Amino acid sequence: MDSRTVSTMEEARQRLITHSNTPVPVDLVIARGDRTLSFRQVPRRPLEVPYVESRIREGVAYLTLLGFADSAPDQWKEHLRRLSLEQVEKLIIDLRGTQSGYLSSLLNIAGCHIESEEVIVKYRSRHETRTYRATGELLYTGRVVVLIDSETSGHGEMLAACLREQASAVLVGEPTTGDARVQQDFPLSDGSSLTLPVWVGYSPEGLPLDQGLVPDVTCAGAEALETAKRLLMSEQKAKHRANSPRINIHGPVSPQS
């Protein structure tokens, strides 16, 4: 790499990492068996882990959140803006397996679906309650179904709960873990320590999230996606029937009429 021999993958990874937003080129010469491969001026860029995935099928948008990293809100907004260009009005958010991360990321992602300053989560201890509200820009106000399962925990549970209570989302899948707690270590005189939960997360309407979330529609994890899709499509058909013009005929009808 740039005329310097690299013998391990870890060393190669360290040399490839760059914190600059401007691409930095590097020359690579790779010995593979009896062949030598040369690559000139390969650009190095900051590595961005994808925490959000999206797709659209049959008018239904799917967004998967893989974690609450510091870069997740920007990725979430980018995907939502792409979906808005398609004028999507039905959205499935997949939080199966989504766990905790940065609280600021939770507030920012929730703020894409909930009015600014609306309550997202409350943390309560024995003596204090802390309220956290949505931040950012409201980007989507259409119908939402949220997929959850037994591995949805922490901030994943908080996002699902506030979307149900503040954005009328329907939860589909399996009951969640119930892990919305902040723990603290208390040192003991013998050098050991005791870990206890000191803060418990609550939904905007006061539901204790350390007991887990029960979905509105319960089904096996493998069936959750199709169940959510059928739910959204059935709502669309019912709305279409309700908006269809009706013809009312009063009195007897003759064949001539």
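Here the structure is a predicted model, which is why all the values come from computation and not from measurement.

Thresholds, definitions, all that
Each chain carries its own residue numbering, running from 1 in the written order of its sequence. Restriction of local features to residues with pLDDT of at least 70 applies here, the model being predicted, together with a cutoff of 80 or more for giving and counting side-chain atom pairs; totals for whole chains, interfaces and linings are based on all residues. Hydrogens are left out, water is left out, and the side-chain values use all remaining heavy atoms of the structure. Numbered from the N terminus, helices here are DSSP runs of H or I no shorter than four residues, and strands are runs of E no shorter than two. Whether a residue is buried, partly exposed or exposed follows from its accessible area with a 1.4 Å probe, protein chains only, as a fraction of its type maximum: under 20%, in between, or over 50%, in that order. We call two residues in contact whenever any of their non-hydrogen atoms come within 4.5 Å of each other. Using a 1.4 Å probe, accessible areas were evaluated by the Shrake-Rupley method; residue-level cover was limited to the displayed protein chains. Surface patches are drawn from residues lacking salt bridges whose relative accessible area is over 30%; two like charges belong together within 9 Å, two nonpolar side chains (Val, Leu, Ile, Met, Phe, Trp, Tyr) within 5 Å. Salt bridge, as used here, is a side-chain nitrogen of Lys or Arg placed within 4 Å of a carboxyl oxygen of Asp or Glu. What makes a nonpolar core is a set of buried Ala, Val, Leu, Ile, Met, Phe, Trp, Tyr and Cys residues whose side-chain atoms join them at distances within 4.5 Å. We treat two strands as partners when DSSP finds at least two bridges between them. A fitted line through C-alpha atoms represents every axis, and for helices the fit uses only the stretch in contact; the resulting angles, taken between N-to-C directions, go from 0 to 180 degrees. By definition in this entry, angles of less than 35 degrees are roughly parallel, angles greater than 145 are roughly antiparallel, angles of 65 to 115 are roughly perpendicular, and the rest are oblique. By convention, the crossing between two helices is left-handed when the near helix turns anticlockwise from the far helix through less than a right angle, and right-handed when the turn is clockwise. Polar contacts, as used here, are pairs of N or O atoms within 3.5 Å; protein pairs need one atom able to donate a hydrogen and one able to accept it. Residues neighboring in sequence count only if both atoms are side-chain atoms.

Engineer: Sorry if this is basic, but what is going on with the overall build of the protein chain here?
Structural biologist: For the protein chain, the helix and strand inventory stands at five helices and twelve strands. Within the protein chain, the proportion of its 257 residues that are buried is 37%. Long-range contacts, defined here as pairs at least 24 residues apart, represent 65% of the contacts in the protein chain between residues at least 6 apart. Put simply, the protein chain shows about 15,900 Å² of open surface, and 48% of that area lies on carbon and sulfur atoms.

Engineer: Please explain a nonpolar patch on the surface as it appears in this structure.
Structural biologist: Together, F186, L188, L194 and L196 give the surface a local cluster of nonpolar side chains, amounting to about 320 Å² of exposed area. Following the sequence through the fold, F186 ends up in strand β10 (residues 181–187).

Engineer: What should I look at first to understand the nonpolar core in this one?
Structural biologist: What tends to happen in soluble globular proteins is that the nonpolar side chains get buried as a cluster. By size, the foremost hydrophobic cluster in this structure holds 39 residues, and its most contacted members are L65, W76, I120, V146 and L159. Of all the secondary-structure elements, those providing two or more residues to this core are β4 (60–65), α2 (72–85), β5 (90–94), α3 (103–110), β6 (119–124), β8 (143–148) and α4 (155–167). If we ignore the near neighbours within four places in the chain, the residues touching V146 are I93, L95, A160, L163, A169, V170, L171 and V172. Formed by eleven residues, the second largest nonpolar core is a distinct cluster that contains Y62, V145, A224 and A228.

Engineer: I would appreciate a short explanation of the pattern of salt bridges in the present structure.
Structural biologist: When charged atoms on two side chains of opposite charge get close, those side chains can pair. In the structure shown here, the tally under the stated rule is seven salt bridges. R82 is the salt-bridge partner of E78, the closest N and O atoms lying 2.6 Å from each other. Here E78 pairs with R82, and both are found in helix α2, just four residues apart, close to one helical turn.

Engineer: I would appreciate a short explanation of α3 in the present structure.
Structural biologist: Given 3.6 residues per turn, any residue in an α-helix points the same way as the ones three and four places further on. In terms of burial, α3 is largely enclosed, as six of its eight residues are buried. Those residues of α3 that sit buried are S105, L106, L107, N108, I109 and A110.

Engineer: So what exactly am I meant to see when it comes to the sheet that holds strand β12 (residues 217–218) here?
Structural biologist: Two pairing modes exist for strands in a sheet, parallel and antiparallel, and in both the strands are linked by backbone hydrogen bonds. Spatial strand order, β3-β4-β5-β8-β9-β12: six strands in an open sheet with mixed pairing. Every interior strand has two partners, whereas the edge strands, β3 (52–57) and β12, have only one. Taken together, the six bridges between β3 and β4 define a ladder with antiparallel strand orientation. Counted as the bridge partner of R55 is Y62 from β4.

Engineer: When you look at the packing of α3 against α4 in this model, what are you seeing that I'm missing?
Structural biologist: Packed helices, taken two at a time, are described by the angle between their axes plus the distance between the axes. Orientation of α3 relative to α4, taken along the N-to-C sense of each, is 25°, at an axis distance of 10 Å. In terms of orientation, α3 and α4 fall into the roughly parallel class. Taken as a pair, α3 and α4 cross one another with a handedness that is right-handed. Across from L103, L106, I109 and A110 in α3, the residues of α4 making contact are H155, M158, L159 and C162.

Engineer: What am I meant to see in the environment of E165 here?
Structural biologist: Structurally, E165 can be placed in helix α4. Residue class for E165 comes out buried when judged on its relative accessible area of 18%. A C-alpha to C-alpha distance of 9.4 Å links E165 and I120, two positions 45 residues apart in sequence. The contacts of E165, once residues within four sequence positions are left out, are S203, P204, E205 and L207. A polar contact of 2.8 Å, which involves the side chain of E165, links it to the side chain of S203.

Engineer: Explain unusual backbone geometry here, please?
Structural biologist: Where the residue is not glycine, phi is negative for most of them; where a peptide bond is considered, it is trans in most cases. In this structure, E58 takes a positive phi of about 55° despite not being glycine. For E58, the position within the fold is in the loop between β3 and β4. If you check the backbone angles, S168 has positive phi at about 55° while not being a glycine. As for its position among the elements, S168 is in the loop between α4 and β9 (170–173). Given the relative accessible area of 53%, S168 is considered exposed.

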